[in-house]
Amino acid sequence: MRIKNWIEAFRLRTLFLSFSLIIMGSTIAYSEGFFDMMTFVLALATTLFLQILSNIANDYGDAVNGADFAGRVGPMRQVQSGAISQNEMRRAIVVFSLLSLVSGVVLLVHCKAVLGWSVFFKMFLLGIASIVAAICYTVGKKPYGYMGLGDIFVFVFFGLVGVEGSYVLYSGELSWWVMLPATSIGMLSMAVLNMNNMRDMQSDKRSGKNTLIVRYGIVWGKKYQTVLILGAFVVMAVYIVTCGVVSQYIYLIALPIFIRHLIVVWKTEDNTMLDSQLKVVSMGTLLLVIGYVMGTLLEK
């Protein structure tokens, strides 16, 4: 039972989204002649540790701050339910912080020849910032997730940093054009968070967690969700028109899933019933990326 509790605390369903970042950045690098399998594996491992760190820190922080309580909607939280103690979760946060750090350093050392010392240290500092951001979302005296800043964090780290950063690991330099697909994935990552916040609006309001949904309401949230998803597809199309090839439009195979998702969102009157849509957006994002990968491989 204990193993099951830890697996649930890790929230493995969120990994679809995290891996999408690395796969997208790696595929763009591959299309330009840059790729290394060990870099790809180490980047996936580092992302895995960071995602789990973010999830367990969120479990701990929301329990301590009162956002999780008996009767809340959504998956059972392990600290709030008592399945995992606060001390155990704190130790797990330390362990996964160290795993993220060690994995990230090994990754950067492996890429040192490509990066050079200047980019190496910049990427190292960015990695430290990612660890701190993962923890401070709900942990600390002033967690930024409670101030309505979670969307910015998700866009930056689960979009711009994730996609552009993985590209840099192969190429050794920034590409402004990569910011377009990074923006697209960032918007879909924000859409996942928005679904979470819509589902949890009542409990968040009760605990003083002032997400954008708490501030502006469910109807605004549905409009926001629509803009994020349709905007992500438009930005991706602009990127392919500008830098890509026609075959990469296979990414549009994911569009029907998202259209269906938006229909469900607009028809659902009880926002507590939206939990299943988190996985839909996460898996839909991975399908979009897989479509892009398929198009790139066909061109090669």
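Each chain carries its own residue numbering, running from 1 in the direction its sequence is written. For this predicted model, a pLDDT threshold of at least 70 governs which residues receive local features, and a threshold of 80 or more governs which side-chain atom pairs are given and counted, while totals over whole chains, interfaces and linings are taken from all residues. In computing side-chain values, all of the structure's heavy atoms are included and hydrogens and water are not.

1. Looking at the overall build of the protein
- Along the backbone of the protein there are 13 helices and zero strands.
- Scaling as 2.2 N^0.38, a compact globule of 300 residues should have a C-alpha radius of gyration of about 19 Å, and the protein matches this with 19 Å.
- Projecting the C-alpha coordinates of the protein onto the three principal axes gives extents of approximately 55 × 45 × 35 Å.
- Exposed residues in this analysis have more than 50% of their type's maximum accessible area, buried residues have under 20%, and partly exposed residues fall in between, with area computed by a 1.4 Å probe over protein chains only. Burial status across the protein gives 53% buried among its 300 residues.
- Residues are treated as being in contact if the distance between any of their heavy atoms lies within 4.5 Å. In the protein, once contacts between residues fewer than 6 apart in sequence are set aside, the share between residues at least 24 apart is 77%.
- Here the protein contributes 23 positive and 16 negative side-chain charges, whose respective centroids are spaced 6 Å apart. Under the scheme used here, helices are H or I runs from DSSP no shorter than 4 residues and strands are E runs no shorter than 2 residues, and both carry numbers assigned from the N terminus. Atoms considered for the radius of gyration are the C-alpha atoms alone. The globule rule reads 2.2 Å times the number of residues to the power 0.38. The charge count treats Lys and Arg as positive and Asp and Glu as negative. His and the chain ends do not count. In plain terms, the charge of a residue is placed at NZ if it is Lys, CZ if Arg, CG if Asp and CD if Glu.

2. Some remarks on the packing of aromatic side chains
- Aromatic pairs are defined between Phe, Tyr and Trp rings, using the six-membered ring for Trp, whenever the two ring centres lie within 6.5 Å; interplanar angles under 30 degrees are classed as stacked, those over 60 as edge-to-face, and all others as tilted. Across all of its chains, the model carries 19 aromatic pairs by this definition.
- Taken together, a centroid distance of 5.5 Å and an interplanar angle of 15° make the contact between Phe35 and Tyr170 stacked. Pair noted here: Phe35 is in the loop between helix H2 (15-31) and helix H3 (37-65) and Tyr170 is in helix H7 (residues 150-171), with a separation of 135 residues, a long-range link.
- Residue classification places Phe35 among the partly exposed residues on the basis of a relative accessible area of 38%.
- For Tyr170, a relative accessible area of 6% gives the class buried.
- Each member of the aromatic cluster is reached from another via a ring pair, and the members are Tyr137, Tyr144, Phe153, Phe157 and Phe158.
- For Lys209, the ring lying beneath its charged end belongs to Tyr146, and the centroid distance is 5.3 Å. The rule is short: NZ of Lys or CZ of Arg within 6 Å of the ring centre and within 35 degrees of the ring normal puts a charge over the ring.

3. Quick word on a nonpolar patch on the surface
- Each patch is assembled from residues with relative accessible area greater than 30% and no salt bridge, linking like charges that lie within 9 Å and nonpolar side chains (Val, Leu, Ile, Met, Phe, Trp, Tyr) that lie within 5 Å. Calculation of accessible area relied on Shrake-Rupley with a 1.4 Å probe; when residues are assessed, cover is drawn exclusively from the protein chains displayed. One speaks of a salt bridge when a side-chain nitrogen belonging to Lys or Arg is within 4 Å of a carboxyl oxygen belonging to Asp or Glu. A cluster of nonpolar residues, Val94, Leu98, Leu101, Val105, Val109, Ile128 and Val132, forms a patch on the protein surface that exposes about 530 Å² of accessible area.
- Elements with a contribution of two residues or more to the nonpolar patch: helix H5 (86-110) and helix H6 (112-136).
- If you trace the backbone, Ile128 turns up in helix H6.

4. Describing the pattern of salt bridges
- Per the counting criterion, the structure on display carries two salt bridges.
- Salt-bridge contacts for Asp200 lead to Arg199; the nearest nitrogen and oxygen are separated by 2.8 Å. Both residues of the pair, Asp200 and Arg199, belong to the buried class.
- With its nearest N and O atoms 2.4 Å apart, the salt bridge here joins Arg199 to Asp275. One end of the pair, Arg199, is in helix H8 (residues 179-199); the other, Asp275, is in the loop between helix H12 (255-267) and helix H13 (276-299), with 76 residues separating them in the sequence. Residue Arg199 shares its accessibility class with Asp275, and that shared class is buried.

5. Observations regarding the packing of H12 against H13
- Two elements in contact, H12 and H13, have axes whose closest approach is 10 Å; the angle formed by their N-to-C orientations is 160°. Taken as axis vectors, H12 and H13 run roughly antiparallel relative to one another. Between H12 and H13 the crossing geometry is left-handed. Residue-level inspection shows Ile257, Phe258, His261 and Val264 of H12 in contact with H13, the latter providing Gln277, Val280, Val281, Gly284, Thr285 and Leu287.
- All amino acids are sorted into three groups, where Ala, Val, Leu, Ile, Met, Phe, Trp, Tyr, Cys and Pro are nonpolar, Asp, Glu, Lys and Arg are charged, and the leftover types, Gly among them, are polar. Among the residues making up the contact of H12 with H13, the classes are represented as six nonpolar, four polar and no charged. Angles shown run from 0 to 180 degrees and are taken between the N-to-C directions of axes, each axis being a line fitted to C-alpha atoms and, for helices, limited to the stretch in contact. Angles are sorted into four bins: roughly parallel if under 35 degrees, roughly antiparallel if over 145, roughly perpendicular if 65 to 115, and oblique for all others. Crossings are classed by handedness, with left-handed meaning an anticlockwise turn of the near helix from the far one by less than a right angle and right-handed meaning a clockwise turn.

6. Observations concerning the environment of Leu174
- Mapped onto the secondary structure, Leu174 falls in the loop between H7 and H8.
- The class of Leu174 is exposed, set by a relative accessible area of 59%.
- Here the alpha-carbon distance between Leu174 and Ser54, two residues 120 residues apart in the chain, equals 26 Å.
- Filtering out sequence-adjacent residues up to four positions away, Leu174 remains in contact with Glu164 and Val168.

7. Side note on the nonpolar core
- Put simply, a nonpolar core is a bunch of buried Ala, Val, Leu, Ile, Met, Phe, Trp, Tyr and Cys residues held in one set by side-chain atoms that sit within 4.5 Å of each other. Met24, Ile28, Phe153, Val163, Leu169 and Leu288 are the most contacted members of the largest nonpolar core, which totals 65 residues.
- Beyond its immediate chain neighbours, meaning those up to four positions away, Ile28 contacts Val163, Tyr167, Val178, Pro181, Tyr239 and Tyr292.

8. Considering the environment of Trp266
- For Trp266, the position within the fold is in helix H12.
- Between the alpha carbons of Trp266 and Gln225 there is a distance of 9.8 Å; along the sequence they are 41 residues apart.
- Excluding anything up to four places from it in sequence, Trp266 contacts Val219, Lys222, Lys223 and Thr226.
- Here Thr226 takes part through its side chain, which lies 3.0 Å from a polar atom of the side chain of Trp266. What qualifies as a polar contact is a pair of N or O atoms within 3.5 Å, subject to a donor-acceptor requirement within protein and to the restriction that residues adjacent in sequence count only when both atoms come from side chains.

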